[in-house]
Amino acid sequence: MSTTPLGTLAFYSEFDDFQTWKRALQAQLPHLQVVHSSAIERPEDIHYAMAWKPPQGFFSRMPNLRLIVNLGAGVDSLVAREDLPAGIPITRITDPQMSRMMAGYVLFAVLRHARDIPFFEQAQRLGEWAYRHPRSPDEITVAVLGLGQLGAKAAHEIQRQGYRTLGWSRSQAAIEGVECFAGLETLDSVLAQADIVVLMLPLTPQTRHLFDRQRLEKLRPGAAFVNVARGALVDQTALTDLLRSGQIGAATLDVFEREPLPAADPLWSMPNVLITPHLASVAIPSSSARQIAENIERVGRGEAPNHVIDPARGY
Ligand code: NDP
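Residues numbered from 1 in each chain as written. Predicted model: local features only at pLDDT ≥ 70, side-chain atom pairs only at ≥ 80, totals over all residues. Heavy atoms only, no water.

As annotated in an unreviewed UniProt entry, the protein carries the name Glyoxylate/hydroxypyruvate reductase A and is attributed to Xylophilus rhododendri.

Here's what the structure looks like:
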């Protein structure tokens, strides 16, 4: 028996604030019990688990689980687990504010490369007035790889700036102002046309190390590389070599094969690399709580939740 008609939600995240999420969820569902996973007294009352990278064995404590809410958009770390309970729907967060935050980061990175800001930052450090004539936006091609909830919004924002924008996804997409391509057979040609490449793909068995040395060498000489998706999409050693040689001109990297990026990693000290610690976008309680609450109500009524991911597909 649950303690309330809605039951109890267990929360786990090392990155997100429990009290903020609890307040946001209870503002939507005042009768929902929300407990931190460290304070679960009656595991049999837990019907919903909302978690980001929970420890192994997390779910097996909860025999009456009905819904797993991934506290973010990327589900790669969740679906790769061997302790996922079978048959329990897994939802992701699909939040316009999260997409806007991501599009803002990507736009910043694209504009920074398109306006040669890394070149001027380096010149400033040397006290040099280094004039480099700006390129017109329509002379610059940006490729956005992955056109999902986050990628489509970013591609839309980039094309609004006047850049020629290419999009690439698994199935054919249609985004106004974006030339969309689909399927692995078109990837190398997309890469060969782009001055700036932005990775916005999920990490799946198909996309892991999709950007190996051979594929990274298909980028235009001096192209800029932006990864806001997952580090393991890329052979990081090859990327580092190509950045060192200048074959890839510059990079903005928010994600890495190993996080935190180890202190001794050569990427830290490369002048053509901007590093941020995996925060291009985050789940926002005030705007995401409504959809999570809706899903809890749906599951409570015996309906299928929205924004369900497919563990077999990996996203
Ligand atoms: P979605 O699941 O909504 O969309 C994924 C996109 O990638 C779709 O366009 C899909 O194609 C495409 N895709 C998937 N597999 C392939 C493939 N094998 N070949 C070609 N295209 C493929 O993802 P989101 O847009 O919500 O997020 C993308 C990723 O961003 C997340 O998975 C996560 O890893 C990362 N992320 C990073 C954050 C950060 O702070 N750095 C924050 C949030 C997310 P199709 O449309 O045909 O299915």
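Chemist: What's the story with the packing of helix α3 (residues 96-114) against helix α5 (residues 149-160) in this structure? I'm lost.
Modeler: Packing of α3 against α5 brings their axes to within 8 Å, and their N-to-C directions diverge by 50°. Put simply, α3 runs oblique to α5. The two elements α3 and α5 cross, and the hand of that crossing is right-handed. Seen from α3, the contacting residues are Met98, Ser99, Arg100, Met102, Ala103, Val106, Leu107 and Val110; seen from α5, they are Gln149, Leu150, Lys153, Ala154, Glu157 and Ile158. Here the residues of the contact of α3 with α5 sort into nine nonpolar, two polar and three charged. (Axes fitted to C-alpha atoms, helices over the stretch in contact; angles between N-to-C directions. Helix = DSSP H or I, 4+ residues; strand = E, 2+ residues; numbered from the N terminus. Parallel < 35°, antiparallel > 145°, perpendicular 65-115°, else oblique. Left-handed = near helix turned anticlockwise from the far one by under 90°. Contact = heavy atoms within 4.5 Å. Nonpolar A, V, L, I, M, F, W, Y, C, P; charged D, E, K, R; others polar.)

Chemist: Explain the nonpolar core to me, please; I cannot follow it from the model alone.
Modeler: In a soluble, globular protein the nonpolar side chains are often hidden away together inside. Core analysis: the biggest nonpolar cluster contains 52 residues, and Leu9, Leu32, Met50, Val106, Ile196, Met200 and Ile296 have the highest contact counts within it. The element contributing the most residues to this core is α3, with nine residues. When near neighbours in sequence (up to four residues on either side) are disregarded, valine 106 contacts Ala154, Ile158, Val198, Met200 and Val228. Core analysis: the second largest hydrophobic core is formed by 35 residues, Ala143, Leu166, Trp168 and Ala232 among them. (Core = buried A, V, L, I, M, F, W, Y, C linked by side-chain atoms within 4.5 Å. Buried < 20%, exposed > 50% of the residue type's maximum accessible area, 1.4 Å probe, protein only.)

Chemist: What is the right way to look at α5 in this model?
Modeler: An α-helical turn contains 3.6 residues, so a residue and the one three or four places further along point in the same direction. With 12 residues, α5 extends 18 Å between its outermost C-alpha atoms, agreeing within 8% with the 16 Å of an ideal straight helix rising 1.5 Å per residue. Taken residue by residue, α5 has Leu150, Gly151, Ala154, Ala155, Glu157, Ile158 and Gln159 as its buried positions. Looking at the buried positions of α5, the neighbouring elements they touch are α3, β6 (141-145), β7 (164-169) and β8 (178-182). Backbone geometry just downstream of α5 places glycine 162 in the positive-phi region, at approximately 95°. (Expected span 1.5 Å × (residues − 1).)

Chemist: Explain the sheet that holds strand β12 (residues 273-275) here, please?
Modeler: Ordered by their spatial adjacency, seven strands build an open sheet running β8-β7-β6-β9-β10-β11-β12, and the pairing between neighbours is parallel. If you trace the sheet from one side to the other, it starts and ends with β8 and β12, each paired once. Direction aside, neighbouring strands of the sheet carry axes that sit 15° apart on average. Bridge count between β6 and β7: five bridges; the pairing is parallel. By the bridge assignment, threonine 141 is partnered in β7 with arginine 164. (Pairing = 2+ DSSP bridges.)

Chemist: I tried to follow the site of the ligand on my own but got confused; where do I start?
Modeler: Of all residues adjacent to the ligand, which total 31 residues, the nearest are Arg92, Leu150, Ser171, Asp254 and Tyr315. With respect to the ligand, the backbone of leucine 147 contributes an N or O atom lying 2.9 Å from an oxygen atom. The separation between a nitrogen atom of the ligand and a polar main-chain atom of valine 228 is 2.9 Å. Contact with the protein chains removes 90% of the 930 Å² of surface that the ligand exposes when unbound. Those elements giving two or more residues to the shell around the ligand turn out to be α3, α5 and β7. Considering each element in turn, the shell around the ligand owes the most residues, three residues, to α5. Broken down by class, the residue content of the shell around the ligand amounts to 15 nonpolar, 11 polar and five charged. Split by domain, the residues of the shell around the ligand number at least three in each of domain 1 (8-95 + 283-300) and domain 2 (97-275). (Near = heavy atom within 4 Å. Polar contact = N/O pair within 3.5 Å; in protein donor to acceptor, adjacent residues only side chain to side chain. Areas by Shrake-Rupley, 256 points an atom, 1.4 Å probe, with all protein chains shown as cover. Domains from an automatic or database assignment.)

Chemist: Hey, could you run me through the packing of aromatic side chains in this one?
Modeler: Geometry of an aromatic ring pair is reported as the spacing of the ring centres plus the angle between the planes. Applying the stated criterion across every chain, the model contains five aromatic pairs. Among the aromatic side chains, those forming a connected cluster through ring pairs are Tyr12, Phe58 and Phe59. Above the ring of phenylalanine 119, the side-chain terminus of arginine 132 is found at 3.8 Å from the ring centroid. One Lys or Arg, arginine 313, reaches over the ring of tyrosine 315 and ends 3.7 Å from the middle of that ring. (Phe/Tyr/Trp six-rings, centres within 6.5 Å; stacked < 30°, edge-to-face > 60°. Lys NZ or Arg CZ within 6 Å of the ring centre and 35° of its normal.)

Chemist: For this particular structure, what's the right way to read the sheet that holds strand β2 (residues 33-36)?
Modeler: Pairing within the open sheet is parallel, and its five strands lie in the order β2-β1-β3-β4-β5. Every other strand in the sheet has two partners, leaving β2 and β5 (90-91) as the edge strands with one partner each. When strand β1 (residues 8-12) meets β2, the two strands line up parallel, connected through four bridges. Counted as the bridge partner of phenylalanine 11 is histidine 36 from β2. Where helix α1 (residues 18-28) meets the sheet, it contacts β1, β2 and β3 (46-51), and its direction lies at approximately 170° from that of β2. This element, helix α9 (residues 285-300), spans β1, β3, β4 (67-70) and β5 of the sheet and lies at about 170° to β4.

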